[in-house]
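# Structure assessment
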Amino acid sequence: MELLTHILGAIATVILAFVVGMSYGGIVRKITARVHNRIGPPWYQNFIDAFKLYGKTTAIHHGWMQIMGPAFLMVSSVVTLMFIPVLTNGGWFPNLNFEGDLIFLLYLMVFGPLGMALGAGQTGNPNSAIGVTRGLSQMVGFEIPWVMALVALMIQFDTTSITGLMEAQAQSGTWNMFSSPFAFIAAVLAMLGMFRYSPFDIVGAPTELASGPVSENGGKYLFTMMSSGSIFAFVKLTLYVDIFMGGADNLVILLLKTFSIYMIPVLYGIVSPRYRTEQAIRFFWGWPLFFGVLALIYASIF
Amino acid sequence: MINDKNSQKIVDIIQNWARKQSIWVLAYGTGCGAIEIPPTMTSRYDAERLGVRGAATPRQADVLLITGYLTTKTLKRVIRVYEQMQDPKYVIGFGSCTINGGMYYDSYNTIKVLDKYLPVDVYINGCMPRPESVLAGFGKLQELIGNGEANGATKYKENLEWYRANQKKIIPNWVMPEYNW
Ligand code: SF4
């Protein structure tokens, strides 16, 4: 019986993440349009797009790795979702937490993109290859401040689990955002790269690289990538809320907090043009790295 | 139940609705007409509110937009692009040049009637058509898709020999992969 509730809870969580991620994507398209002084598509446009993509024939076959690429992405998103405490008090959400899961997550979050890189490599499209190299270089850029911010938190609170961090925040009564501000700044700057909005959309630059790694993928492949991307966006936002903003007690607060933190990369992106690859990496190894180092110093002194 | 005709009809209606609300356009900017695409997409006319959006590669696109005259050299690339697109796919011929040759009617190196080489679903006439008429063309295409009448791709499959013969008349050295749907 308990197993059944766990499985049902897991399925419901995936559906929730999918719906929330897709709606956020649609709302972002609407906001972008309003900033451009357009009317923009309805907020549910992403669902229509996904449904249409699913209904297309998919007669593209470059080899097994191409099929595995989107599957890897999906698996990594769903597994990561299982390790993130969606609400503070658990509820019916699956929670596979264990001591040290923050370190595990760091590895798991790059698993999907790496699988996708292999898949994109097999399509043999030169644009995909360029996109993959750009994506991996950008990842090297933003992973360093991101890891530094997390390590700073781990040192400061003496725990390597997400639930541990959430408990520490509940006990002290302040969010980590305020008790370790430098780590928060470094993590937010890293988030700009993680979400790949402008100016860091160098991976899938549509006019330059013809959408990069996904350029040979249409129909159901693209549907899988789109939905796993939405789930992954929800995962990342929830992770930020959990470790920096004290988690959320119910779904409404969760939506409010995730949406407000989502607006940072989105609004920064709307008004920015695109960086070149080396500019993006130089950005991440500049101020974000500086704040990461500050966070480490702050954590080890206080 | 799963495969009977009526349930298929319901699925078709829903799918056609989704297809018409979400049109990803691959604008193959061949002629002068491509200059009308940016105003159609940006704030003045905003095609995105109708679900019309640019696609980066043929694999992701639903609509191939041929914006103007096609030289015999580009025809080869356009055929290649069309055959890489995934079903269901549609073609919009944009500008007088795709209908009857337009002002290039006596040119030695452009094709005159696009419909002989690719199955065109909707024509937008004008030299060049204003964004209003482009949007009207998309509206017409949406109407056709909604009624399930935009079946250019099926026509192409059924009459592949005829289209191939026409294409090979223009392209003498035919070194292209076979069309495998
Ligand atoms: S129809 Fe007119 S505007 Fe369009 S490609 Fe032909 S000549 Fe140019």
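You'll find the structure just up there.
Residues numbered from 1 in each chain as written. Chains lettered and ligands numbered in written order. Predicted model: local features only at pLDDT ≥ 70, side-chain atom pairs only at ≥ 80, totals over all residues. Heavy atoms only, no water.

Before going further, it helps to spend a moment on a nonpolar patch on the surface. All names here are of chain A. A cluster of nonpolar side chains, Met 1, Leu 3, Leu 4, Ile 7, Leu 8, Ile 11, Ile 15 and Val 19, forms an exposed patch at the surface whose accessible area comes to about 830 Å². Along the chain, the position of Ile 15 falls in helix H1 (residues 2-35). With relative accessibility at 49%, the residue Ile 15 sits in the partly exposed group. (Patch = residues over 30% accessible without salt bridge, like charges linked within 9 Å, V, L, I, M, F, W, Y side chains within 5 Å. Areas by Shrake-Rupley, 256 points an atom, 1.4 Å probe, with all protein chains shown as cover. Salt bridge = Lys/Arg side-chain N within 4 Å of Asp/Glu carboxyl O. Helix = DSSP H or I, 4+ residues; strand = E, 2+ residues; numbered from the N terminus. Buried < 20%, exposed > 50% of the residue type's maximum accessible area, 1.4 Å probe, protein only.)

Within the structure, the ligand sits among Cys 32, Gly 68, Tyr 69, Gly 95, Ser 96, Cys 97, Met 103, Tyr 104, Gly 126, Cys 127 and Met 128 of chain B. When the residues that make up the shell around the ligand are grouped by side-chain class, the tally is 7 nonpolar, 4 polar and no charged. (Near = heavy atom within 4 Å. Nonpolar A, V, L, I, M, F, W, Y, C, P; charged D, E, K, R; others polar.)

Our next topic: the interface of chain A and chain B. At the junction of the two partners, chain A supplies 31 residues and chain B supplies 26 residues. Of the roughly 2300 Å² buried at the junction of chain A and chain B (both faces included), carbon and sulfur atoms supply 54%. When the buried surface of chain A facing chain B is broken down by residue, Arg 38, Lys 52 and Lys 56 of chain A rank first, second and third, together holding 26% of it. The tally of links from chain A across to chain B stands at 6 salt bridges. Among the salt bridges present, the one from Asp 62 of chain B reaches Lys 56 of chain A, with a minimum N-O distance of 2.4 Å. Summed over the shared surface of chain A and chain B, the result is 19 residue pairs in polar contact (both at pLDDT 80 or more). Contributing elements (two or more residues each) for the side of chain A that touches chain B: helix H2 (45-55) and helix H10 (219-244) of chain A. A per-element tally of the side of chain A that touches chain B places H2 of chain A first, with 7 residues. A breakdown of the residues in the side of chain A that touches chain B according to their chemical character gives 12 nonpolar, 13 polar and 6 charged. (Contact = heavy atoms within 4.5 Å. Buried area = accessible area lost by both parts, 1.4 Å probe. Polar contact = N/O pair within 3.5 Å; in protein donor to acceptor, adjacent residues only side chain to side chain.)

Along an α-helix, residues three or four apart share an orientation, since each turn contains 3.6 residues. Residue and element names in this part refer to chain A. For helix H5 (residues 126-157), which comprises 32 residues, the first-to-last C-alpha distance of 46 Å matches the rise-based estimate of 46 Å (1.5 Å per residue) to within 8%. Taken as a whole, H5 carries its principal kink of about 30° at Glu 143; the proline Pro 145 stands between one and four residues after it. Capping of H5 at its N-terminal end is provided by Asn 125; its side-chain oxygen lies 3.0 Å from the backbone amide nitrogen of Asn 127. Asp 158 sits one or two positions beyond H5 and adopts a positive phi of about 60°. (Expected span 1.5 Å × (residues − 1). Bend = angle between axes of the 7 residues up to and from the residue.)

Between H2 of chain A and helix H1 (residues 5-21) of chain B, whose axes approach to 8 Å, the crossing angle comes to 120°. As summarised for this structure, H2 of chain A and H1 of chain B are arranged oblique, according to the angle between their axes. Pair H2 of chain A / H1 of chain B crosses with left-handed handedness. Listed contacts from H1 of chain B to Gln 45, Ile 48, Phe 51, Lys 52 and Gly 55 of chain A of H2 of chain A are Ile 14, Gln 15, Trp 17, Ala 18, Arg 19 and Gln 21 of chain B. The residue inventory of the contact of H2 of chain A with H1 of chain B, partitioned by class, reads 5 nonpolar, 4 polar and 2 charged. (Axes fitted to C-alpha atoms, helices over the stretch in contact; angles between N-to-C directions. Parallel < 35°, antiparallel > 145°, perpendicular 65-115°, else oblique. Left-handed = near helix turned anticlockwise from the far one by under 90°.)

What follows concerns the sheet that holds strand E1 (residues 23-28) of chain B. Residue and element names in this part refer to chain B. The strand order across the open sheet built from 5 strands is E2-E1-E3-E5-E7, with neighbouring strands paired in parallel fashion. Looking at strand neighbours, the two that pair on one side only are strand E2 (52-54) and strand E7 (122-124), the edges of this open sheet. Pairwise comparison of adjacent strand axes, ignoring direction, gives a mean angle of 30° for this sheet. Relative to strand E5 (residues 90-94), strand E3 (residues 63-67) runs parallel, the two sharing 5 bridges. Residue pairing in the sheet places Thr 67 in a bridge with Phe 94 of E5. (Pairing = 2+ DSSP bridges.)

Per the counting criterion, the structure on display carries 29 aromatic pairs over all chains. With 5.3 Å between their ring centres and 50° between their planes, Phe 195 of chain A and Tyr 262 of chain A make a pair best called tilted. Within this pair, whereas Phe 195 of chain A is found in helix H8 (residues 181-195), its partner Tyr 262 of chain A is found in helix H11 (residues 251-270), the two being separated by 67 residues in sequence. An identical accessibility class is assigned to Phe 195 of chain A and Tyr 262 of chain A; each is buried. One aromatic cluster is present, formed by Tyr 24, Phe 195, Tyr 197, Phe 259 and Tyr 262 of chain A through successive ring pairs. Its end group placed over the ring of Phe 195 of chain A, Lys 236 of chain A keeps NZ or CZ at 4.6 Å from the ring centre. One Lys or Arg, Lys 89 of chain B, reaches over the ring of Tyr 82 of chain B and ends 4.5 Å from the middle of that ring. (Phe/Tyr/Trp six-rings, centres within 6.5 Å; stacked < 30°, edge-to-face > 60°. Lys NZ or Arg CZ within 6 Å of the ring centre and 35° of its normal.)

Turning our attention to unusual backbone geometry. Residue Ser 198 of chain A is joined to Pro 199 of chain A through a cis peptide bond whose omega torsion reads -5°. Relative to the helices and strands, Pro 199 of chain A resides in the loop between H8 and helix H9 (206-209). The omega angle of the peptide bond from Asp 87 of chain B to Pro 88 of chain B is -10°, so this bond is cis rather than trans. Position of Pro 88 of chain B among the secondary structure elements: in the loop between helix H3 (72-84) and E5. Phi is positive for Asp 158 of chain A, which is not a glycine, with a value near 60°. For Asp 158 of chain A, the position within the fold is in the loop between H5 and helix H6 (162-172). Even without being glycine, Arg 196 of chain A reaches a positive phi, approximately 60°. Among the structural elements, Arg 196 of chain A can be located in the loop between H8 and H9.

Residues and elements named next belong to chain A. Axis separation between H1 and H2 bottoms out at 7 Å; the angle between their running directions is 115°. Of H2, the residues touching H1 (which contributes Phe 18, Val 19, Met 22, Ser 23, Gly 25, Gly 26 and Arg 29) are Gln 45, Asn 46, Phe 47, Asp 49 and Ala 50. Of the residues belonging to the contact of H1 with H2, the class tally is 5 nonpolar, 5 polar and 2 charged.

Counting 70 residues, the largest nonpolar core has Leu 81, Trp 146, Phe 234, Leu 239, Tyr 240, Ile 243 and Phe 244 of chain A as its most contacted members. In contact with Leu 239 of chain A, other than residues within four places in its own chain, are Ile 84, Leu 105, Met 109, Trp 146 and Ile 162 of chain A. Trp 24, Ala 61, Leu 118 and Val 120 of chain B belong to the second-largest nonpolar core, a separate cluster that totals 31 residues. (Core = buried A, V, L, I, M, F, W, Y, C linked by side-chain atoms within 4.5 Å.)

It is worth spelling out the pattern of salt bridges at this point. Residues and elements named next belong to chain B. Applying the stated rule across the entire model yields 13 salt bridges over all chains. The salt bridge partner of Lys 140 is Glu 143, with a shortest N-O separation of 3.8 Å. Within this pair, Lys 140 and its partner Glu 143 are both found in helix H5 (residues 131-146), separated by 3 residues, close to a single helical turn. Residue classification places Lys 140 among the partly exposed positions, given a relative accessible area of 39%.

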